[in-house]
Amino acid sequence: MYKKIVSMVVIAMILWIPALPVHAAGYMDGAQAEQESSAGITPFFVGVDIIMASFSISPSGVARGMVNVIPKNASSLDYILTTASVVNASGTAVKTWTNIKSTINVDDYFIFDQSYTLQKRDKYKFVYTVKCYKNGTMIDTASGETIYKTY
């Protein structure tokens, strides 16, 4: 009788395991929680180590979008071009910055940091594309977006 119960429990567990949700977590999941990127797969970069984005809205309605690009080393990239938009809940870009050039700063990374005063209360997200250049040739590119924030 005992063997029958144990084997029924084992069979039930084997049948139940495929129904469990699976989530892969990396060491950067805590830092990426603020970004909430829509990218599901981390790309293999040639000159970039990490790309991080953040988006915030102040109580007075100032939206601030930032993209930090950390190169693999101080000489792996010459500059980056960032195109970014603040997008409302209906999918309309309310502010767009196109091909904003950034060079490496004293802390050895590239930063795109722009602000825009929102005209009305709504939900907004930050959408961006970064193109990274070395010797005039684009060697890396990445796009992403943040989660919606409410103003």
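These numbers were taken from a predicted model, which means no experiment stands behind them.

For the rest of this paragraph, the subject is the pairing of strand β4 (residues 93–103). Looking down a regular strand, the side chains alternate between one sheet face and the other. Summarising the sheet, strand β3 (residues 79–88) and β4 pair through eight bridges and their orientation is antiparallel. Directly across from T82, in β4, lies its bridge partner I100. Between β3 and the antiparallel strand that follows it, β4, lie four residues; G91 among them carries a positive phi value of about 90 degrees.

With that out of the way, let us pick up the environment of Q119. Mapped onto the elements of the fold, Q119 is located in the loop between β5 (110–117) and β6 (123–134). Given a relative accessible area of 65%, Q119 falls into the exposed group. For Q119 and G61, which are 58 residues apart along the polypeptide, the C-alpha to C-alpha distance reads 7.8 Å. Among the polar contacts listed, one links the side chain of Q119 to the backbone oxygen of T117, at a separation of 2.9 Å.

Moving on, we come to the sheet that holds β5. An order of β1-β2-β5 is seen for the three strands of this open sheet, with the pairing classed as antiparallel. Both edges of this open sheet fall to β1 (48–57) and β5, since each of them pairs with a single strand only. Taken pair by pair, the neighbouring strands of this sheet meet at an average axis angle of 10 degrees, ignoring direction. For β1 and strand β2 (residues 62–71), the ladder comprises nine bridges, and the chain directions are antiparallel.

Thresholds, definitions, all that
- The residue count restarts for each chain, going from 1 along the sequence in the order it is written.
- Two thresholds apply to this predicted model, a pLDDT of at least 70 for residue-level local features and 80 or more for giving and counting side-chain atom pairs, whereas whole-chain, interface and lining totals are computed over all residues.
- Here the side-chain values reflect all heavy atoms present in the structure, with hydrogen atoms and water set aside.
- At least two bridges found by DSSP between two strands are what make those strands a pair.
- Secondary structure follows DSSP: runs of H or I at least 4 residues long count as helices, runs of E at least 2 residues long count as strands, and numbering of each begins at the N terminus.
- Throughout this description, buried means an accessible area under 20% of the type-specific maximum (1.4 Å probe, protein chains only), exposed means over 50%, and partly exposed covers the range between.
- Residues adjacent in sequence count toward polar contacts only when both atoms are side-chain atoms; beyond that, a polar contact is any pair of N or O atoms within 3.5 Å, and within protein one must be able to donate a hydrogen and the other to accept it.
- Only the stretch in contact is used when a helix axis is fitted, and all axes are lines through C-alpha atoms; the angle between N-to-C directions ranges over 0 to 180 degrees.

All we've got here are geometric facts, nothing functional implied.
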